[in-house]
Amino acid sequence: MTVADADLLVEVTGAVATVVIHNPGRRNAMTTDMWRRLPDLLDGLEADPAVRALVLTGADGTFCAGADLGDLDELLDAGDGSIAVAAEERLAAFAKPTVAAVRGACVGGGCQLAVACDLRIAADDARFGVPPARLGLVYPAPTTRRLARLVGPAAAKHLLFTAELIGAERALRVGLVDEVLPGDALAARVEEITAAVVARSQLSVAAAKEIIDGRADDDRIAWWHGQVRASGEAREGVAAFHERRPPRFGWAPGNAR
């Protein structure tokens, strides 16, 4: 099915939802309405038991050229409490695996969204930049910290201090992206990755995401181990391995509440 929500388009194919940033007249810049709508859209996809993974991408060969500067005053007045930061934080907290599929420009707010995803797969024409220093702005603190955790302090400082655009291969070297492929191979590789993710034990995937993201305390980790025992996921996985068949995992993400 295809559902349009303002300039954010959603396709759900099997267990994978794809959110397309669609504002081609402005190189897919995020408007205030798009920032405002994204959290609600993600709430719906997270609650859908049929959805096991999410892909974020842009229309017409461009990921996202940033925030629409026509909305600058609203973003400036809010600072770290802006709707852009709220949308980024909701994406980062999405309970299911997220993949940014990046072609062309991934700049400013676009880079902000890509960094909030779990994985970033880029076409070789992708270009990344963080331009606040060109505009006299302060990049939001949560966004700055997330970028620094991903690429390290030195690479984050380079991106923020210079506001230079970097190519996909350099982005790969500094850890900003996980893979770089020819443009005509990007969609197939993203499909391959998401197919692998949705076929795995969703208990294992959900627990790993919570632990890696620092959202699971000792009690929660003990709860996850209890779920392994109670769900039979491990017994099924081992049985499938010995019987040389695909596992039939039955644990659902809605159980992790």
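Residues numbered from 1 in each chain as written. Predicted model: local features only at pLDDT ≥ 70, side-chain atom pairs only at ≥ 80, totals over all residues. Heavy atoms only, no water.

Draft legend 1. The arrangement of the sheet that holds strand β6 (residues 105-107) in detail. Strand order in the open sheet formed by three strands is β6-β8-β9, and the pairing between neighbours is mixed. Two strands close off the open sheet at either side, each with one partner strand: β6 and β9 (166-167). Strand direction decides the pairing type here: strand β8 (residues 127-129) and β9, joined by two bridges, are antiparallel. The partner of Arg127 across the bridge, within β9, is Gly167. Docked against the sheet, helix α4 (residues 109-116) engages β6 and β8, running at close to 90° with respect to β6. (Pairing = 2+ DSSP bridges. Helix = DSSP H or I, 4+ residues; strand = E, 2+ residues; numbered from the N terminus. Contact = heavy atoms within 4.5 Å. Axes fitted to C-alpha atoms, helices over the stretch in contact; angles between N-to-C directions.)

Draft legend 2. Spatial organisation of the nonpolar core. Counting residues in hydrophobic clusters, the biggest one holds 48 residues, and the most contacted among them are Ile21, Leu45, Leu56, Phe63, Phe128 and Leu147. Take this core: its biggest share by element is six residues, from helix α1 (residues 32-47). (Core = buried A, V, L, I, M, F, W, Y, C linked by side-chain atoms within 4.5 Å. Buried < 20%, exposed > 50% of the residue type's maximum accessible area, 1.4 Å probe, protein only.)

Draft legend 3. Quick look at the pattern of salt bridges. Inspection of the entire model under this criterion finds 12 salt bridges. One salt bridge connects Arg189 with Glu179, and the closest N-O pair in it is separated by 2.8 Å. Note that Arg189 is positioned in helix α9 (residues 183-199) and Glu179 in strand β10 (residues 179-181), a separation of 10 residues in sequence. Looking at Glu179, the relative accessible area reads 24%, which means it is partly exposed. Of the charged contacts, one joins Glu192 and Arg189 as a salt bridge, the two residues approaching to 2.6 Å between their closest N and O atoms. Of this pair, Glu192 and Arg189 both sit in helix α9, three residues apart, which is roughly one turn of the helix. Given the relative accessible area of 24%, Arg189 is considered partly exposed. Each member of the salt-bridge network shares a partner with another, and the members are Asp43, Glu46 and Arg90. (Salt bridge = Lys/Arg side-chain N within 4 Å of Asp/Glu carboxyl O.)

Draft legend 4. Broad picture of the packing of aromatic side chains. One pass over the structure, following the stated rule, counts two aromatic pairs. Ring geometry for Trp223 against Trp224: centres 5.1 Å apart, planes inclined by 75°, an arrangement best described as edge-to-face. Classification of Trp223 as partly exposed rests on a relative accessible area of 27%. Taken together, a centroid distance of 5.7 Å and an interplanar angle of 55° make the contact between Trp224 and Trp251 tilted. Residue Trp224 is located in helix α11 (residues 218-231), and its partner Trp251 is located in the segment after α12 (233-243); the two are separated by 27 residues in the primary sequence. Among the aromatic residues, those joined into a ring-pair cluster are Trp223, Trp224 and Trp251. In this structure, Arg220 packs its charged tip against the face of Trp223, placed 4.5 Å from the ring centre. (Phe/Tyr/Trp six-rings, centres within 6.5 Å; stacked < 30°, edge-to-face > 60°. Lys NZ or Arg CZ within 6 Å of the ring centre and 35° of its normal.)

Draft legend 5. Inspection of α12 at higher detail. Within α12, the full set of buried residues consists of Glu233, Glu236 and Ala240. Axial view of α12: buried residues confined to an arc of 65°, hence all on one face. Across α12 from its buried face, at more than 90 degrees, point the exposed residues Arg235, Phe241 and His242. Trailing α12 by a residue or two, Arg244 shows a phi angle of about 55°, which is positive. (Arc of directions from axis to C-beta.)

Draft legend 6. Summary view of the environment of Arg90. Counting through the fold element by element, Arg90 comes out in helix α3 (residues 83-92). By relative accessible area, Arg90 is classed as buried at 15%. As a C-alpha pair, Arg90 and Leu38 span 52 residues in sequence and 8.3 Å in three-dimensional space. Once residues within four sequence positions are removed from consideration, Arg90 is found in contact with Pro39, Leu42, Asp43 and Glu46.

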